[in-house]
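Per-entry structural report
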Amino acid sequence: MQLSIIVPTFNEAPNVAELVRRISDAVRGIETEIIFVDDSVDATPAVIAEVAASSALPVRLIHRDTPTGGLGGAVVEGMKAAASDVCLVMDGDLQHPPEDIPALFGRFGVGDADVVVASRYVGSGSAHGLADRTRVWVSKLSTLLTRAMFPIRLRGVSDPMTGFFLVDRTVIDLEGLKPRGFKILLEILARKSLRVVEIPFDFADRYAGESKASVRQGMNFLVQLTGLRFGKMSLFALIGAFGAVANLVIMWALIQLGMNYVPAAIIGAEVTIIGNFLLQERFVFQDMRSDAAGVWSRFVKSFAFNNVEAVVRIPVIALMVNTWHISSVIAAGLTLIVAFVVRFMFHSLVVYAPRKAGARSRVREVVEEIDAQAATPGEL
């Protein structure tokens, strides 16, 4: 097999037959397979099976009942299952023209690249298929932000957000990828220095159905970007900072309403403890949940620890206010900063500890994470 084409799909039933037809026409003379990695809740899997029965190309279906890692996770699963080391990734809505596949494959054949990127922003490429002017600006600003955060790894890459690219599977660490959403190329390029070349392509209109872009995907992208640039501990810190601000705002508001600062601090702490747990579940430790204890067990451990920590902090706040005459809000802020490292280590080593894995290995990982965050960030 010369080429494996990986198509992650979510409710793309109306597009499947046309996509396979156009791919088949485009890759004549190239030994090719198509792998659909499908997370759909509609008839897409049945349509793929029907089209596969009459296709001139081998068409394989991997249907995931649990779509771990979103679209990016689907791409990684497809790469692992591919018959060829040369993997081409494209969307299932025909906004990535199948007629451009030979150009990507041919450019890779020159032998000077690990990744061939189909770019909307180089040469004659265009992004006219984006739904409206707002999405055009969001795409351009996201691309600028991404390139600014990874100036060396993405040097010369005009479109790191594209979902249309070809990669040599042997040069990437599939097990080391941690996809969180739909920007899998960014994940690949940010984790390892690779030889990248670009060719222009015209981002077409969607053939059928509706765009899957959403605010939730935008949030996933920002979390993915932060995690790649700064790591898990910094994501934990970001959520902790958000919680700290919320804690102080709640405390300040209750004091303004006439409540004593001690009960105000307790209420603020309880509200933010629950909020922080939910955010950490979703954005920080999502890759560790499957190996850890159940969600209620995790919540109880997190809630209990944070309340014990709060019980310790409240007398310290009182001491700082009554003895050193520090503002109650400032005192609360200082104690939250001190508690951060202890919270991270407890959650990583205890709350999300693997049920069967040894503790020593995990301790080393956490220590390395803390050391990495303490050091000057290296270029990615």
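Residues numbered from 1 in each chain as written. Predicted model: local features only at pLDDT ≥ 70, side-chain atom pairs only at ≥ 80, totals over all residues. Heavy atoms only, no water.

**Focus on the packing of aromatic side chains**
For the structure shown, the criterion picks out 5 aromatic pairs. A ring pair is formed by Trp 296 and Phe 299, whose centres lie 6.1 Å apart and whose planes are at 90°; its orientation type is edge-to-face. You can see Trp 296 and its partner Phe 299 sitting in helix H10 (residues 295-322), 3 residues apart, about one turn around the helix. Ring centres of Phe 299 and Phe 303 lie 5.4 Å apart, and the angle between their planes is 25°; this geometry places the pair in the stacked category. Taken together, the residues span about one helical turn, with Phe 299 and Phe 303 both in helix H10 at a distance of 4 residues. Chaining the aromatic ring pairs together yields one cluster made of Phe 277, Trp 296, Phe 299 and Phe 303. When the ring centre of Phe 203 is taken as reference, the NZ or CZ atom of Arg 120 above it lies at 5.4 Å. (Phe/Tyr/Trp six-rings, centres within 6.5 Å; stacked < 30°, edge-to-face > 60°. Helix = DSSP H or I, 4+ residues; strand = E, 2+ residues; numbered from the N terminus. Lys NZ or Arg CZ within 6 Å of the ring centre and 35° of its normal.)

**Details of the side chain of Asp 159**
Looking at where Asp 159 falls in the secondary structure, it is placed in the loop between helix H5 (133-149) and strand S6 (165-168). Other than its neighbours up to four places away in sequence, Asp 159 contacts Val 117, Ala 118, Ser 119, Arg 120, Tyr 121, Leu 185 and Glu 198. (Contact = heavy atoms within 4.5 Å.)

**Points about helix H9 (residues 261-283)**
Relative to the 33 Å expected for 23 residues at 1.5 Å per residue, H9 spans 32 Å between its end C-alpha atoms, a close match to the ideal helical length. Of all the residues in H9, the buried ones are Tyr 261, Ala 264, Ala 265, Gly 268, Ala 269, Thr 272, Ile 273, Asn 276, Phe 277, Gln 280, Glu 281 and Phe 283. (Expected span 1.5 Å × (residues − 1). Buried < 20%, exposed > 50% of the residue type's maximum accessible area, 1.4 Å probe, protein only.)

**Observations concerning the side chain of Glu 33**
Within the secondary structure, Glu 33 is located in strand S2 (residues 32-38). Within the structure, Glu 33 has its side chain in polar contact with the side chain of Ser 4 (distance 2.5 Å). Of the polar contacts made by the side chain of Glu 33, one reaches the side chain of Arg 60; its length is 2.9 Å. (Polar contact = N/O pair within 3.5 Å; in protein donor to acceptor, adjacent residues only side chain to side chain.)

**Details of the pattern of salt bridges**
Tallied over the entire structure, the rule returns 14 salt bridges. The salt bridge partner of Arg 21 is Asp 25, with a shortest N-O separation of 3.3 Å. A residue pair is termed a helical-turn pair when its members lie 3 or 4 positions apart in one helix, as Arg 21 and Asp 25 do in helix H1 (residues 16-26) at 4 residues. For Arg 21, a relative accessible area of 43% translates into the label partly exposed. The salt bridge involving Arg 191 is made with Glu 187; its shortest N-O contact spans 2.6 Å. (Salt bridge = Lys/Arg side-chain N within 4 Å of Asp/Glu carboxyl O.)

**Observations regarding the packing of H9 against H10**
The interhelical angle for the contact between H9 and H10, taken along N-to-C directions, is 145°, at an axis separation of 9 Å. Here the hand of the crossing between H9 and H10 comes out right-handed. Its residues placed into classes, the contact of H9 with H10 shows 15 nonpolar, 4 polar and 4 charged. (Axes fitted to C-alpha atoms, helices over the stretch in contact; angles between N-to-C directions. Left-handed = near helix turned anticlockwise from the far one by under 90°. Nonpolar A, V, L, I, M, F, W, Y, C, P; charged D, E, K, R; others polar.)

**Describing the confidence of the model for the chain**
Averaged over all residues, the pLDDT of the chain equals 81, while 80% of them reach at least 70. Note on residues 372-380: pLDDT under 50 across the span, and 18 contacts to partners over four residues away in sequence or across chains. (pLDDT = per-residue confidence, 0-100.)

**Describing the sheet that holds strand S7 (residues 196-200)**
Judged by pairing direction, the sheet is mixed, and its 7 strands sit side by side in the order S3-S2-S1-S4-S6-S5-S7 without closing on themselves. One side of each edge strand has no neighbouring strand; the edge strands of this open sheet are strand S3 (59-63) and S7. For this sheet, the mean angle separating the axes of adjacent strands, direction not counted, is 20°. Here strand S1 (residues 3-9) pairs with S2 via 7 bridges, running parallel. The residue of S2 that forms the bridge with Ile 5 is Ile 34. Here helix H3 (residues 70-81) sits on the sheet in contact with S1, S2, S3, strand S4 (86-89) and S6, set at roughly 150° to S1. (Pairing = 2+ DSSP bridges.)

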